[in-house]
Amino acid sequence: MKKNIFLSLAGFFALAISSCKKDDAPAPAPTPTPVPTSYVATTLAGSTAGYVDGTGAAAQFNMPTGIVRDAGGNLFVCDRDNNRIRKITPAGLVTTFAGSGAPGFVNGTGTAAQFNMPYGLAIDQADNIYVADRFNTAIRKITPAGVVSTVAGSGTSGSADGTGSAASFRQPAAIVIDGSGNLIVCDAMNNTIRKVTPAGVVTTILGSSTASGNSNGTGTAALFNNPIGICGDFANNTFYIADLSNHLIRKIRIQ
C-alpha cells in the first residue's frame, strides 16, 4: 500500500514539474513593427545659376546634368552651360576638374581643355571619366589626372561608324560602360544606340539614323525617338533607355 502511495506521489510531482517547465518556457519573440522609411533632401553644393568654385552654397553651377561618383566618394558633374566638368568632394568642396568655360573642342589638361555642352558621364574602375560632349558630337575621356582626350568623333555632326575621328555622332547625350569595358552611347539626334570599344571602334547597335519611331526589334529594326538617358544592368546583359520623344522606357537585352 505504501509502495502504491509513493508511486502515485512520484507521478504527481513529475507531472507538476513538467507543467512548470512548460509554463517557464520563453515566449516567442514578437514580430518587430516595421519602422516607416523617410527620405530627407539636403543640398550638397550650389545656390543660384552661375560659375563659382567653393564649398556648399558658396559654389555655383549652370544647368548641371550628368553625374558620377569615383572610388574616393568624389562626385563629378557635367556643368553643361558652363562647358566644364566640376568635382565635388564628400565635404561639398566644388572645384573645376576640366574645361575652360569657353565652348570649344580642345584636348588638354584641366582648364586647358574645352567642351561644348557636356551632357552625360560614365566612369570606369580606374576612375577614368567618359563624357558625352553633346554639341561637339564626340566622346571624350578624362584621366584621374585631368588629362582630356577624344575617344571617338570628329567634331562634325553625322552618323558614320568607324574608329576614332573617322566616326561621327549627332548630339550624344548619355553614356554607360558595359561589363566588357565598351561604352554604350545614346546618340540622341541620330535616334540610335552606339557602341564604342576600348580601342575607339564605333558601331551602331540599335536604331536607324534615317528614321525615328517606336518599334521594338533587333538592330536597325528597332526605332527610337531622341534617346537621351541610359543605365545598365550588365550582370544580366540588360540596359534601359529613356526614349524621350516616345515618352517610353525601353529595355534592351544583349544577346
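Our structure is the block above this text.
All values derive from a computational prediction rather than experimental measurement.

**Q** Help me understand the side chain of Thr 137, please; the structure alone is not making it clear to me.
**A** Along the polypeptide, Thr 137 turns up in the loop between β8 (129-133) and β9 (138-142). Among all residues touching Thr 137, those that are not within four sequence positions of it are Gly 153, Ser 154, Gly 155, Thr 156, Ser 157, Phe 169, Arg 170, Gln 171 and Pro 172.

**Q** For this particular structure, what's the right way to read the sheet that holds strand β1 (residues 54-55)?
**A** For sheets, the rule is that strands pair by backbone hydrogen bonds, running either parallel or antiparallel. One open sheet holds the five strands; their spatial order is β1-β5-β4-β3-β2, and the pairing between them is antiparallel. Strands at the two margins of the open sheet, each flanked by one partner only, are β1 and β2 (64-69). Bridging between β2 and strand β3 (residues 75-79) involves four bridges; their strand directions are antiparallel. Across the sheet, Arg 69 pairs through a bridge with Leu 75, a residue of β3.

**Q** Help me understand the state of the cysteines, please; the structure alone is not making it clear to me.
**A** By definition, a disulfide links the sulfur atoms of two cysteine residues through a covalent bond. For the structure on display, the rule yields zero disulfides. The thiol of Cys 186 is unpaired, and the distance to the nearest cysteine sulfur, on Cys 231, comes to 10.0 Å.

**Q** Just checking my understanding: could you explain the sheet that holds β8 for this structure?
**A** Taken together, the five strands give an open sheet; going across it, the order is β6-β10-β9-β8-β7, and neighbouring strands pair in antiparallel fashion. A strand with exactly one partner marks an edge of an open sheet, and here the two such strands are β6 (108-109) and β7 (118-123). When β8 meets β9, the two strands line up antiparallel, connected through five bridges. In the strand pairing of β9, Ile 129 is matched with Ile 142.

**Q** What is the right way to read the pairing of strand β13 (residues 183-187) from this model?
**A** Remember that side chains alternate between the two faces of the sheet whenever the strand is regular. Of all the five residues making up β13, five are buried; the element is thus mostly covered by neighbouring parts of the structure. Where strand β12 (residues 172-177) lies against β13, five bridges are found, and the strand directions are antiparallel. The partner of Ile 175 across the bridge, within β13, is Val 185. By the bridge criterion, five bridges tie β13 to strand β14 (residues 192-196) in an arrangement that is antiparallel.

**Q** How should I be thinking about the packing of aromatic side chains in this particular structure?
**A** For the structure on display, the rule yields two aromatic pairs. Where Phe 234 meets Phe 239, the ring centres are 6.0 Å apart and the plane angle is 35°; that geometry is what we call tilted. Phe 239 matches Phe 234 in its accessibility class, with the two residues each being buried. Geometry around Tyr 51 places Arg 84 over its ring, the cationic atom sitting 3.4 Å from the centre. Directly above the aromatic system of Tyr 119 lies the positively charged group of Arg 134, at a separation of 4.7 Å from the ring centroid.

**Q** For this particular structure, what's the right way to read the pairing of β3?
**A** β3 sits mainly inside the fold: five of its five residues count as buried. Side-chain alternation along β3 places Leu 75, Val 77 and Asp 79 on one buried face and Phe 76 and Cys 78 on a second face that is also buried. Between the antiparallel neighbours β2 and β3 lie five residues, among them Gly 73 with a positive phi of about 85°. The sheet contact formed by β3 and strand β4 (residues 84-88) spans five bridges and is antiparallel. Looking across to β4, one finds that Leu 75 is bridged to Ile 88. Turn length for the β3-β4 hairpin, with the two strands adjacent in sequence and antiparallel, is four residues, and the turn residue Asn 83 shows positive phi of about 55°.

**Q** What exactly am I supposed to notice about the pattern of salt bridges here?
**A** Pairs can form between side chains of opposite charge whenever their charged atoms are close. Enumeration according to the criterion identifies seven salt bridges in this entry. For Asp 187, the salt bridge is made with Arg 194, and the minimal N-O distance between the two is 2.7 Å. One network of salt bridges, in which partners are shared, links Asp 53, Asp 79 and Arg 86.

**Q** What is the right way to look at the environment of Pro 144 in this model?
**A** Looking at the element boundaries, Pro 144 is found in the loop between β9 and β10 (147-152). Between the C-alpha atoms of Pro 144 and Phe 97, which are 47 residues apart in sequence, the distance is 9.4 Å. Discounting chain neighbours no more than four positions away, the residues touching Pro 144 are Phe 97, Ala 126, Asp 127 and Asn 128.

**Q** Please clarify how the nonpolar core should be interpreted in this entry.
**A** Nonpolar side chains in soluble globular proteins tend to be buried together. In this structure, Ile 139, Ile 175, Leu 183 and Val 196 are the most contacted members of the largest nonpolar core, which totals 14 residues. Among the secondary structure elements, those contributing two or more residues to this core are β8, β10, β12 and β13.

Conventions and cut-offs
Along each chain, numbering runs from 1 in the same order as the chain's sequence is written. Predicted model: local features are reported for residues with pLDDT of at least 70 only, side-chain atom pairs are reported and counted for 80 or more only, and whole-chain, interface and lining totals are derived from all residues. As a convention, hydrogens and water are excluded, and side-chain values are obtained from all of the structure's heavy atoms. Going along the chain from the N terminus, every DSSP run of H or I of four or more residues is numbered as a helix, and every run of E of two or more is numbered as a strand. Contacts were defined at the residue level, with two residues in contact if any of their heavy atoms lie within 4.5 Å. Two strands make a pair as long as DSSP finds a minimum of two bridges between them. Any pair of cysteine sulfurs within 2.5 Å is marked as a disulfide. Any residue under 20% of the maximum accessible area for its type is buried, any over 50% is exposed, and the rest in between are partly exposed; the area is computed with a 1.4 Å probe on protein chains only. Any two of the Phe, Tyr and Trp rings considered here, Trp counted by its six-membered ring, make a pair once their centres fall within 6.5 Å; the pair's planes then place it as stacked at under 30 degrees, edge-to-face at over 60, or tilted in between. In this scheme, the term charge over a ring applies when either NZ of a lysine or CZ of an arginine sits within 6 Å of the ring centre and within 35 degrees of the ring normal. Between Lys or Arg on one side and Asp or Glu on the other, a salt bridge is scored when a side-chain nitrogen of the former is within 4 Å of a carboxyl oxygen of the latter. Buried Ala, Val, Leu, Ile, Met, Phe, Trp, Tyr and Cys residues form a nonpolar core when they are joined through side-chain atoms within 4.5 Å.

The values are spatial; any link to function lies outside them.
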